[in-house]
4 protein chains.
Amino acid sequence: MPQKETSYIQSRRSLLADKFASVRKQTLKLVEPLKTEDFVVQPIVDVSPPKWHLAHTTWFFEAFVLEKYSKGYQIYDADFGFMFNSYYEAVGERVLRPNRGFMTRPTIEEVLKYREYVDSQIDAFFISQGEVNPDILDVIEIGLNHEQQHQELMVTDIKYILGHNPLFPSYKLNSGVLVESTFDKQFLEIDEGLYEIGHDGAGFCYDNELGRHKVYLHQFAIANGLVTNGEYLEFIEAGGYQQFQWWFSEAWDWIQNNEIKAPHYWHQIEGKWFNYTLAGLLKLDDSAPVTHVSQYEADAYARWKGFRLPTEFEWEVACEIYSPKTAKTANFVDAENYHPVSPIENNMQFFGDCWEWTNSAYLPYPYFKTADGALGEYNGKFMINQMVLRGGSCATPSDHIRRTYRNFFHPNLRWQFTGIRLAKYL
Amino acid sequence: MPQKETSYIQSRRSLLADKFASVRKQTLKLVEPLKTEDFVVQPIVDVSPPKWHLAHTTWFFEAFVLEKYSKGYQIYDADFGFMFNSYYEAVGERVLRPNRGFMTRPTIEEVLKYREYVDSQIDAFFISQGEVNPDILDVIEIGLNHEQQHQELMVTDIKYILGHNPLFPSYKLNSGVLVESTFDKQFLEIDEGLYEIGHDGAGFCYDNELGRHKVYLHQFAIANGLVTNGEYLEFIEAGGYQQFQWWFSEAWDWIQNNEIKAPHYWHQIEGKWFNYTLAGLLKLDDSAPVTHVSQYEADAYARWKGFRLPTEFEWEVACEIYSPKTAKTANFVDAENYHPVSPIENNMQFFGDCWEWTNSAYLPYPYFKTADGALGEYNGKFMINQMVLRGGSCATPSDHIRRTYRNFFHPNLRWQFTGIRLAKYL
Amino acid sequence: MPQKETSYIQSRRSLLADKFASVRKQTLKLVEPLKTEDFVVQPIVDVSPPKWHLAHTTWFFEAFVLEKYSKGYQIYDADFGFMFNSYYEAVGERVLRPNRGFMTRPTIEEVLKYREYVDSQIDAFFISQGEVNPDILDVIEIGLNHEQQHQELMVTDIKYILGHNPLFPSYKLNSGVLVESTFDKQFLEIDEGLYEIGHDGAGFCYDNELGRHKVYLHQFAIANGLVTNGEYLEFIEAGGYQQFQWWFSEAWDWIQNNEIKAPHYWHQIEGKWFNYTLAGLLKLDDSAPVTHVSQYEADAYARWKGFRLPTEFEWEVACEIYSPKTAKTANFVDAENYHPVSPIENNMQFFGDCWEWTNSAYLPYPYFKTADGALGEYNGKFMINQMVLRGGSCATPSDHIRRTYRNFFHPNLRWQFTGIRLAKYL
Amino acid sequence: MPQKETSYIQSRRSLLADKFASVRKQTLKLVEPLKTEDFVVQPIVDVSPPKWHLAHTTWFFEAFVLEKYSKGYQIYDADFGFMFNSYYEAVGERVLRPNRGFMTRPTIEEVLKYREYVDSQIDAFFISQGEVNPDILDVIEIGLNHEQQHQELMVTDIKYILGHNPLFPSYKLNSGVLVESTFDKQFLEIDEGLYEIGHDGAGFCYDNELGRHKVYLHQFAIANGLVTNGEYLEFIEAGGYQQFQWWFSEAWDWIQNNEIKAPHYWHQIEGKWFNYTLAGLLKLDDSAPVTHVSQYEADAYARWKGFRLPTEFEWEVACEIYSPKTAKTANFVDAENYHPVSPIENNMQFFGDCWEWTNSAYLPYPYFKTADGALGEYNGKFMINQMVLRGGSCATPSDHIRRTYRNFFHPNLRWQFTGIRLAKYL
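Residues numbered from 1 in each chain as written. Chains lettered and ligands numbered in written order. Predicted model: local features only at pLDDT ≥ 70, side-chain atom pairs only at ≥ 80, totals over all residues. Heavy atoms only, no water.

What's the story with the overall build of chain A in this structure? I'm lost.
Within chain A one finds 9 helices and 12 strands. In terms of overall dimensions, chain A is globule-like: its C-alpha atoms have a radius of gyration of 22 Å, near the 22 Å expected for 426 residues. Dimensions along the principal axes, computed over C-alpha positions, put chain A at roughly 65 × 55 × 40 Å. By residue count, 59% of the 426 residues in chain A fall in the buried class. (Helix = DSSP H or I, 4+ residues; strand = E, 2+ residues; numbered from the N terminus. Rg over C-alpha atoms; globule rule 2.2 N^0.38 Å. Buried < 20%, exposed > 50% of the residue type's maximum accessible area, 1.4 Å probe, protein only.)

What is the right way to look at the relation of the copies chain C and chain B in this model?
The relation between the two chain copies is a rotation about an axis coupled with a shift along that axis. Of the transformation superimposing chain C on chain B, the axial component is 0.0 Å and the angular component is 180°, with the fit at an RMSD of 0.0 Å. Taken together, these values place the two copies in the relation of a two-fold axis. Of the C-alpha atoms belonging to chain C, the one lying closest to the rotation axis is found on E37 of chain C, 2.9 Å away. Both copies share a contact surface, since 100% of the interface residues of chain C are interface residues in chain B too. (Least-squares fit on C-alpha atoms with pLDDT ≥ 70 in both. Contact = heavy atoms within 4.5 Å.)

What am I meant to see in the nonpolar core here?
For soluble globular proteins, nonpolar side chains are generally found buried alongside one another. I140 of chain B together with I140 of chain D are the most contacted members of the largest nonpolar core, which totals 499 residues. With sequence-adjacent residues up to four places away left out, I140 of chain B is seen in contact with L16, F20, F61, V65, I122, F125 and F126 of chain B. (Core = buried A, V, L, I, M, F, W, Y, C linked by side-chain atoms within 4.5 Å.)

Honestly, the relation of the copies chain B and chain A in this entry has me stumped. Any pointers?
Relative to chain A, chain B is turned by 180° and slid 0.0 Å along the rotation axis, the superposed coordinates differing by an RMSD of 0.0 Å. A high fraction, 97%, of the interface residues of chain B reappear at the interface in chain A, so the copies pair face to face through one surface.

What's the story with the interface of chain B and chain A in this structure? I'm lost.
By a widespread convention, an interface's size corresponds to the accessible area lost as its parts come together. The partner chain A presents 37 residues to the 37 residues of chain B that form the contact. Here chain B and chain A share an interface that buries about 3,000 Å² over both sides, 64% of which is from carbon and sulfur atoms. Among the residues chain B hides against chain A, the three largest losses belong to Y367, I384 and N385 of chain B. Together they make up 20% of the total. Here chain B and chain A share 0 salt bridges between them. Across the chain B-chain A interface, the total number found is 4 residue pairs in polar contact (both at pLDDT 80 or more). Counting residues per element, the ones that place at least two in the side of chain B that touches chain A are β3 (213-217), α7 (249-257), α8 (295-304) and β8 (355-361) of chain B. Element by element, the count of residues in the side of chain B that touches chain A is highest for β3 of chain B, at 4 residues. Residues of the side of chain B that touches chain A, tallied by class, amount to 21 nonpolar, 11 polar and 5 charged. (Buried area = accessible area lost by both parts, 1.4 Å probe. Salt bridge = Lys/Arg side-chain N within 4 Å of Asp/Glu carboxyl O. Polar contact = N/O pair within 3.5 Å; in protein donor to acceptor, adjacent residues only side chain to side chain. Nonpolar A, V, L, I, M, F, W, Y, C, P; charged D, E, K, R; others polar.)

Help me understand the sheet that holds strand β7 (residues 280-283) of chain B, please; the structure alone is not making it clear to me.
What holds strands together in a sheet is hydrogen bonding between their backbones, with the strands either parallel or antiparallel. All names here are of chain B. One open sheet holds the 3 strands; their spatial order is β5-β6-β7, and the pairing between them is antiparallel. Each end of this open sheet is capped by a strand with a single partner; those strands are β5 (266-269) and β7. On average, each strand axis in the sheet is inclined to that of its neighbour by 35°, with strand direction left out of account. With 4 bridges connecting them, strand β6 (residues 272-277) and β7 associate as antiparallel partners. Looking at β7, one finds that T277 is bridged to G280. The sheet contacts of helix α6 (residues 229-237) involve β5 and β6, and relative to β5 the element is tilted by about 65°. (Pairing = 2+ DSSP bridges. Axes fitted to C-alpha atoms, helices over the stretch in contact; angles between N-to-C directions.)

Is there a simple way to think about helix α8 (residues 295-304) of chain A in this case?
Since the α-helix packs 3.6 residues into each turn, any two residues three or four apart lie on the same face. All names here are of chain A. Where burial is concerned, most of α8 is hidden: 8 out of the 10 residues are buried. Turning to α8, its buried residues are Q295, Y296, E297, A298, D299, A300, Y301 and A302. Buried residues in α8 make contact with α6 (229-237), α7 (249-257), β8 (355-361) and β9 (387-390). Once α8 finishes, G306 follows within two positions and takes phi at roughly 90°, a positive value.

I keep staring at the packing of helix α2 (residues 50-69) of chain B against helix α5 (residues 134-163) of chain B and nothing clicks. Help me out?
Two quantities define a packed helix pair, namely the angle between the helix axes and the distance between the axes. Residue and element names in this part refer to chain B. One can describe the packing of α2 onto α5 by two numbers: an axis separation of 8 Å at closest approach and a directional angle of 170°. With respect to each other, α2 and α5 are oriented roughly antiparallel. Tallied by class, residues from the contact of α2 with α5 come to 17 nonpolar, 6 polar and 3 charged. (Parallel < 35°, antiparallel > 145°, perpendicular 65-115°, else oblique.)

Where do I start with helix α5 (residues 134-163) of chain A in this structure?
Residue and element names in this part refer to chain A. Given a rise of 1.5 Å per residue, 30 residues ought to cover 44 Å, and the 43 Å separating the end C-alpha atoms of α5 matches this to within 8%. For α5, the buried fraction is high: 23 of the 30 residues fall into the buried class. For α5, the N-terminal cap is N133; the gap from its side-chain oxygen to the backbone nitrogen of D135 is 2.8 Å. (Expected span 1.5 Å × (residues − 1).)

How should the pattern of salt bridges be read in this particular structure?
Oppositely charged side chains can form a pair if their charged atoms are brought close together. All names here are of chain A. Evaluated as defined, the whole model comprises 84 salt bridges over all chains. The salt bridge involving E147 is made with R115; its shortest N-O contact spans 2.9 Å. Separated by 32 residues along the polypeptide, E147 in helix α5 and R115 in helix α4 (residues 108-127) bring together distant segments of the chain. Among the residues examined, R115 registers a relative accessible area of 2% and is labelled buried. Each of the salt bridges in this network shares a partner with another, and the network as a whole consists of R24, R115, D119 and E147.

What exactly am I supposed to notice about the state of the cysteines here?
Note on terminology: disulfide describes a covalent bond linking the sulfur atoms of two cysteines. All names here are of chain B. Summed over the entire model, instances satisfying the criterion amount to 0 disulfides over all chains. Unpaired in this structure, C319 has its nearest cysteine sulfur neighbour in C354, at a distance of 15 Å. A residue is classified by how much of its surface remains accessible, and C319, at 1% relative accessible area, is buried. (Disulfide = S-S within 2.5 Å.)

What is the right way to read the packing of α4 of chain A against α5 of chain A from this model?
All names here are of chain A. Contact pair α4 / α5: the axes reach a minimum separation of 13 Å and the direction vectors enclose 145°. Note that α4 runs across α5; the crossing there is left-handed. On the side of α4, the interface is formed by R115, F125 and F126, while α5 contributes I136, L137, I140 and E147. For the contact of α4 with α5, the residue count by class is 5 nonpolar, no polar and 2 charged. (Left-handed = near helix turned anticlockwise from the far one by under 90°.)

I would appreciate a short explanation of the sheet that holds strand β10 (residues 407-409) of chain A in the present structure.
All names here are of chain A. Strand order in this open sheet of 4 strands is β10-β9-β8-β11, and the pairing throughout is mixed. Only two strands of the sheet have a single neighbouring strand rather than two, namely β10 and β11 (418-419). Here β8 pairs with β9 via 3 bridges, running antiparallel. The partner of W357 across the bridge, within β9, is L389. In the packing of helix α9 (residues 312-322) onto the sheet, contacts are made with β8 and β9, and the angle to β8 comes to roughly 130°.

Quick question: what am I supposed to make of the interface of chain C and chain B here?
Listed per partner, the contact involves 28 residues of chain C and 28 residues of chain B. Both faces combined, the contact of chain C with chain B buries some 2,400 Å², and carbon together with sulfur accounts for 67% of it. Interface area lost by chain C to chain B is led by E37, F102 and R105 of chain C, which between them contribute 30%. The interface formed by chain C and chain B includes 2 salt bridges.

Explanation requested: unusual backbone geometry in the structure shown.
Residues other than glycine predominantly adopt negative phi, and peptide bonds predominantly adopt the trans conformation. Going from L210 of chain B to G211 of chain B, the amide bond is cis rather than trans, its omega being -10°. By secondary structure assignment, the location of G211 of chain B is in the loop between β2 (193-197) and β3. For E259 of chain C, which is not glycine, the phi dihedral falls at a positive 50°. With respect to the helices and strands, the residue E259 of chain C is situated in the loop between α7 (249-257) and β5 (266-269). Taking the relative accessible area as the measure of exposure, E259 of chain C reaches 61% and is therefore exposed. For Y367 of chain D, which is not glycine, the phi torsion reads 70° and is therefore positive. Mapped onto the elements, Y367 of chain D comes out in the loop between β8 (355-361) and β9 (387-390).

In structure tokens, the structure reads:
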């Protein structure tokens, strides 16, 4: 019996070693197109410097794996804990988020050395022949999922940095390719009844996806794909941003105060619409999903169109019934498609492309429990005033998304690849 | 057949006439203890001047009943629409909320004349022998419920105005009387299963309580009463406000930035705790429900104690099973008990006392539809970033509360009589 | 010898007793037209509630005369010191300025009782036969000048409160009377040379006017009167507010950020210009001096016109040479002329009407010394980042102005009656 | 006659060519110690990224010399005008100052190419044999003085960027060397009388130094050197920052709101004082001039010590009488002494070291006229709410300072090398 257990753990160790190598490498691949200067700045509080992402994801392994489990581990630089902690109160003081973008040192060169140092220490652990504490494997797995989340944030943060530069530099010239679409839009129907929601615990998931539990849904229909730029443009041209009746009260204040008149990255130049993509400033692609919209805009569009946003439960149930995830039809960051485009087969657009705003607030599932210690701060402490998004985006790694995944953001935020799926009662 | 209908309408007209008289009178009764100066100011954006409440509730009847349905109606003063509209975008421009407290004119004397004028016009309608458009009755009923909501706001706004004056003047000397409590605290158990939620439409309710629908609940237990000052004090003394692990991330920022160390209106003077009540500054009553806490504090307290806040569905189901509403045990504003106190019989504390924070976000029920026109702005446009409260408070009129009533506020707000009920899974 | 001194002091005591009676009475006369509600609010931080002025000027006599010099004096209410101290750090904690407008208690009735109490105590001192400490007379004299300053502030604060009410109520219907003007505008020339500046110490003056000292002036010319509304309108119509070249850098930011397009209280209604006066909203009087302009606007206008603002030294020298002060030609508050108008004789407009912005920063004169104790905080601590104004306004009491008087405000402030005099080098 | 003129111009052209080469080279020398990352950020609005300084000083020559006077000049990149204009409204739209630090492109490598391109074009002009428009020489001379100002700003901005990094990296290890001081402090006396002030126009000066004119000074004495760290420490230890009586009213608010307790860059670690210098974090040098103080602190210190700050006129007259400028005794940036230290001979400390706060507001001299066009925006539009500083600092190029030089900053700013000289009346 203990032997069997050991072999399971060894096999898991081996799988994680491979994943560790590939995830860490992928992070570096994503910053290859950058200039040194691009690594440093933080134009708004939500956007972190790419250098910070590289260091922070490394610090995660140092603080939660090496310092805790590796005897005699020599900390690389005691100041880095202070500089690259994000929000773990349990781990001590930290540089306040708005000041991340003023730290020109350590340089990116030094940060890369820090990554190499920590990688070699973790590799040493994988190679070692000694017994394995399964807790370590759990933390490494979380660390890799954490790094994949930061890969996504890094892509959107890079987009923000480059997309707000007056020169509109591109990240990769081929990253916003237009794709001919044969997509047939329709509504999928779901019967009233009791359904099961949430992760069953097989394979990795976050604490906020547990546990599998019953919900009662009323009969509804949900679109098989996302609202496109062309459809959203009709809302703009119909005066949607000037008509209070489509907007939440605080959304109306928000569009007034911030002079919001279109999705983020849209520019009207001499009467024509362009949008900034990671391939530079391009003519608006009518058939691509509209993206970089707030939940406010998603909700207003849906109301104007006579529909509504789905709840996260409706999304998950519809997805389970209609759309086994297939990477082929989705636009994930590791497919090097850095812009949401229309799917080209299967006629179902549930994964990749855009994070889809739901009308569900981010709240705990029944029996939700936070983990002990600093890792308990991962999800639970954000369960107020945020809305759930589902499905993953073109900036999400393809092996980092699943049907039960719950992303969450404040409803006014637009720097992620966020989009709109419509629903209605029947 | 039409005769029968007419007689139903006539009876409803007659009932509404009585209610109109009593509600309008009660509003004036509530401001009797005030000095002229107290009617004018707005110390924070959430607190409106009592004068404004008196005029705004009157304007509601003028704008939605008289202007719309009363032929040849002579508007009292065209400027008042601009000055006393609250947030109805459909009705035109309005004085921005933060500027309500700078309008010294019209004087309170003039506002009372305005009330008399509109009252006499509405009375004329009640007395008239002509046929009745049932729509008018609907709008008057909404107007009276609207005025009762403002009665509650007015009481809490008066408390804020007087309670932040360095002289700590009282509103009514007998309004915070201590009551000997024989309350026996216990947890009420509810089985897992499908339950029905929401108003069935008989009698008045707001659009956000409709319609009656199924929800699935997991087995849980819920307290039969509210957390007391004495119990909350233990949390303070145990260092709860200094320990990040009990707090949402944004709550932790909020208590740091605002130096929150206790419920609102609590003052520590030479080591002893007092709280400002509408009877003035009194020694803290350990047995009374803790009140003027934010949802952040309610949630943190529950976590510290090893419990959680109930969802609004759990609250409603538990209330239906265990607590037929009885005014006798509750502390409502029309009982002239302006402070939440312990109940003295029945051993169930569900109504009056304090609005109870739930862990449910304020979201639409299935099939929710907003009304057409300005009245459609009443509830739906606030369904984002607010949390639901249930049960009514000592500032709520006793005939303005019911099991299905959904109040909602931002989780950081504390100027209402808000309190804490605990729950847990079994 | 001591007898002579005594008789001088007795005569001074007698004169001060008269002045005390008349100044205190004048303060009350100024608030006669107000409604109770008008006494309470503080729409912007610079504007204090009239009730506060009434109490604060009274507190000044209580704190600096009665508490200090009157044995056994019974403080009227210990909380009032906290509530009605303005900025004297030496006297203890105080209600922060932005919160003055939320204190509905004490009521105006109670404040008037407080005035009566303190007045009677000061009167008792005047009537007593005992020896007099000359220090007391000095402090009373300062207190009366202080109260006259507050009379002026109170008039402009009342104007702000009423003038920002959507009903535009008038203060006094006859307070903005048009006067036929026969004023002959011209430039007065002054030769280069050494001049003397400052008060010589005979009669009351503030510490900041002392001592009389030499300055060297270059040859210049200065207007004998103020820029009129009609002249200023030309600047507006020529696009002055849209042309950066006339503005200080920070002034340009200020007009952009605050959307400043005309003097304060000007309203363009259907193409025609009106301005709010204490007689209500009136058609713009082209011949009256332009008022409620910032130093930024005064400076920009002067530059656009090819002139400049005078220094405070040029103003004082020109005034000494050309304009013996005569109340007859000026518009002072005690002449019940609450609006600046054209002078009707003498052809010199140096006093009353408007405070005239100079291009002198408010700095100490040579050998300037602050008084000991709290009264030393009167002037000296404001000698940074403010500009000097000269001449008094229609809200200044006529016996509270003199050639050497130095008023000072931040250059962006407009709620005082401020105006423009032009100068140039020759 | 024309020949003579030509030879004067040719000689001036030749001198300017040399200066152009040396100034442009010195700018690059100053950034040699930086890492690429250091070039990018703007931690506070006052601090510009070093990359921006390099580009902006280059753009100045492109916009005001090449575009205007060089026929057929090919603009390097049309976007650069928008990105690297600082505040010249006349030249078109510009990136708002707070956003300078988010522009990661063009990279520093591209900016250096831009410098090379513009330098080669200006060199071409110097080499050409054609006739010379003297206006061009004037603008180039302004451009070089402008670049020297930016050299100084760049040094202090670099200090800010590195000095606020948690790692406290040094700029140059030898840049804050302690120097043994034999300085003998004393007060220099000046008689009452008429003096001449301002530049006489021989050699370069800014418009704000013109023209030479009379001022009347009262008898005074002025220190021959600056207040030291050791002396200032006495003020801190005596509780100066806790005693309101030394502070301007707005200064008192400023130290409260910003929790100011010592000069900028001072750090108290385990009871001992350190300060960050361009050589890193060093033990406080008691004998060096105190620096990085606001005018508020300079004024408060002087009052506490029983003295006052000099006026700019007193400074200039004292300097003319007592201190012929000698680079030997001063600490200028081109002497590679990046920290103010005690002078070692001559016993007069008027130049270099620190900019010395005066108690003079920055106002125009008599007959001041701004130049036409964009260059007229250089000085005049800042003549409000700023205070004059004299003498130059250790970050000022030694050939960029003179007795009549008027620097100016808002009184709260501390990121320049600012210091304190005492004065008194006799």
